[in-house]
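Chain residues, written in single-letter form:
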Amino acid sequence: MPIEKVSSEALLTLVRKTALLAPIPEPELLAALESCVQRVLQPGEALCREGEEGHAMFVVLSGHLVVSRDGKQVAVGSPGDCFGEMALIESRERAATLKALDETVVLEIPDVVFWEHIAPRPDSLMALLRIFSDRSRHDLESLAAENIKLEATRRQLEEKNSELEAAQRELENNNRLLERLSALDTLTGIANRRRFDDVLRQEWKRAARHGNCLSLLFCDIDHFKQFNDTYGHQLGDEVLRLAAQAMSSVSRSDELFARYGGEEFALVAIDCSPTDLFVTGERLRKAVEELRVPSESGPLAVTVSAGAAVLDQLFDRDAGVRLIKLADEALYGAKEAGRNQVQVAQ
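Owing to the predicted nature of the structure, the values given are computational and were not obtained by experimental measurement.

1. So, the overall build of the protein
Point 1. If you tally the helices and strands in the protein, you get 10 helices and 15 strands.
Point 2. The C-alpha atoms of the protein give 47 Å as radius of gyration, which overshoots the globular expectation for 346 residues (20 Å, by more than 25%).
Point 3. Taken along its principal axes, the extent of the C-alpha atoms in the protein is 135 × 50 × 35 Å.
Point 4. Taking the contacts inside the protein whose residues are at least 6 apart along the sequence as the reference set, 72% of them involve residues at least 24 apart.
Point 5. With an accessible surface of roughly 19700 Å², the protein has 52% of that area assigned to carbon and sulfur atoms.
Point 6. Computed over 41 positive and 57 negative side-chain charges, the inter-centroid distance for the protein is 4 Å.

Structure (structure tokens):
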């Protein structure tokens, strides 16, 4: 059933309860109401929109009005509530949009009636001030509540950011650890073949750029197959681990000592003369020679043979391959000469 306009008697009773209109004497109020219009709104229908010019104010007679600014609901008007007076007083666009929440009847008071019957009366103006004060208080309370929500959101975001940063740091640490682990030999704990290949490539480029020589030394455990065949692979692994630790412990910080493969190890050095490289090889050989590996048959002696090479012509792509070939040939020579010695390619 369609909603009907408020009867004249009911309208007079209702506006008498409205603080803004109550001070007006009844004869004058009746005359003023004759210039006003009742507007019936269906749910969702707009009474006025934000930004429009305002030439009237409104009093809710029945139903409810939704007040929104910038598309956000800020209040709901009930019967007796007034809206739109600021547009009249300030002669400016409307500050909010008013829409019917349900079937609503609104009294539209033209600006002429406002200035002639409402504005001149101190009681009405005081009522208007109270309306403004209540709205300001509501706006402040809403703003304070919104600020509390924003502050809570900010704290939550800071906590989430802290958690994210911690997770990022943990991920970076894990990635660095993974990178280090991927460059290590799992048995001996020293650099692996992948790390050796990367460093040899980098140092070759650096030496070629600065005109330095590049040195490489191979060490191979003597008679390693006999350790495995006689005492088993577990002791063979222990020989590899202890020999690697012994040689690594006497390597300098500017040298890379790595497991090249099987029982063979490699050392990369920069700007090292053949004589210096021989001394380095002796240092590694003696470290292993002094080593004793525990076994059920008693302490076992271990020795290594070493072959070294120095290359100063590093401008072609095959320089690294030639360096490895020279050092490998020198290692073969050390093995042929009786093992447990160092030979440097000439």
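2. Notes on the pattern of salt bridges
Point 1. In the structure shown here, the tally under the stated rule is 20 salt bridges.
Point 2. Glu 28 is the partner of Arg 121 in a salt bridge, and the nearest nitrogen-oxygen pair spans 2.3 Å. Within this pair, whereas Arg 121 is found in the loop between α4 (111-118) and α5 (122-182), its partner Glu 28 is found in helix α2 (residues 26-33), the two being separated by 93 residues in sequence.
Point 3. On the basis of relative accessible area, Arg 121 is assigned to the partly exposed category, the value being 23%.
Point 4. In this structure, Glu 203 engages Arg 206 in a salt bridge whose closest nitrogen and oxygen atoms are separated by 2.6 Å. Of this pair, Glu 203 and Arg 206 are both found in helix α6 (residues 193-210), 3 residues apart, which corresponds to roughly one turn of the helix.
Point 5. Accessibility expressed as a relative area gives 16% for Glu 203, which makes it buried.
Point 6. Arg 206 sits in the partly exposed class, given a relative accessible area of 37%.

3. What to know about the side chain of Ser 295
Point 1. If you trace the backbone, Ser 295 turns up in the loop between β12 (292-293) and β13 (300-301).
Point 2. In this structure the side chain of Ser 295 is engaged in a polar contact, spanning 2.5 Å, whose partner is the backbone oxygen of Gly 298.
Point 3. Not counting residues up to four positions away in its chain, the partners in contact with Ser 295 are Leu 235 and Leu 300.

4. Side note on the sheet that holds strand β14 (residues 304-311)
Point 1. Taken in spatial order, the 5 strands make up an open sheet running β10-β11-β9-β14-β15, and their pairing is mixed. A strand with exactly one partner marks an edge of an open sheet, and here the two such strands are β10 (256-261) and β15 (342-344). Strand-to-strand twist across the sheet, computed as the mean angle between neighbouring axes with direction ignored, equals 20°.
Point 2. Pairing analysis gives 7 bridges linking strand β9 (residues 214-221) to strand β11 (residues 264-270), with the strands arranged antiparallel. By the bridge assignment for β11, Leu 217 is matched with Leu 267.
Point 3. Those strands touched by helix α10 (residues 319-336) are β9, β10, β11, β14 and β15, and its axis lies near 145° from that of β14.

5. A look at α10
Point 1. A rise of 1.5 Å per residue sets the reference length of α10, with its 18 residues, at 26 Å; its end C-alpha atoms lie 26 Å apart and thus fit the reference within 8%.
Point 2. Those residues of α10 that sit buried are Ala 319, Gly 320, Leu 323, Ala 327, Ala 330, Leu 331, Gly 333, Ala 334 and Lys 335.
Point 3. Where α10 is buried, its residues touch α6, β9, β11, β14 and β15.
Point 4. One or two positions beyond α10, positive phi appears at Gly 338, with a value near 125°.

6. Topic: the pairing of strand β3 (residues 56-62)
Point 1. For β3, the tally of buried residues reaches 6 of 7 residues, placing the bulk of the element in the interior.
Point 2. Relative to strand β8 (residues 104-110), β3 runs antiparallel, the two sharing 6 bridges. Bridge pairing in β8 places Phe 58 opposite Glu 108.
Point 3. Pairing of β3 with strand β6 (residues 82-83) involves 2 bridges; the strand directions are antiparallel. Directly across from Phe 58, in β6, lies its bridge partner Phe 83.

Criteria and thresholds
- Residues numbered from 1 in each chain as written.
- Predicted model: local features only at pLDDT ≥ 70, side-chain atom pairs only at ≥ 80, totals over all residues.
- Heavy atoms only, no water.
- Helix = DSSP H or I, 4+ residues; strand = E, 2+ residues; numbered from the N terminus.
- Rg over C-alpha atoms; globule rule 2.2 N^0.38 Å.
- Contact = heavy atoms within 4.5 Å.
- Areas by Shrake-Rupley, 256 points an atom, 1.4 Å probe, with all protein chains shown as cover.
- Lys, Arg positive; Asp, Glu negative; His and termini not counted.
- Charge placed at Lys NZ, Arg CZ, Asp CG, Glu CD.
- Salt bridge = Lys/Arg side-chain N within 4 Å of Asp/Glu carboxyl O.
- Buried < 20%, exposed > 50% of the residue type's maximum accessible area, 1.4 Å probe, protein only.
- Polar contact = N/O pair within 3.5 Å; in protein donor to acceptor, adjacent residues only side chain to side chain.
- Pairing = 2+ DSSP bridges.
- Axes fitted to C-alpha atoms, helices over the stretch in contact; angles between N-to-C directions.
- Expected span 1.5 Å × (residues − 1).

Shape is all these values report; function is a separate question.
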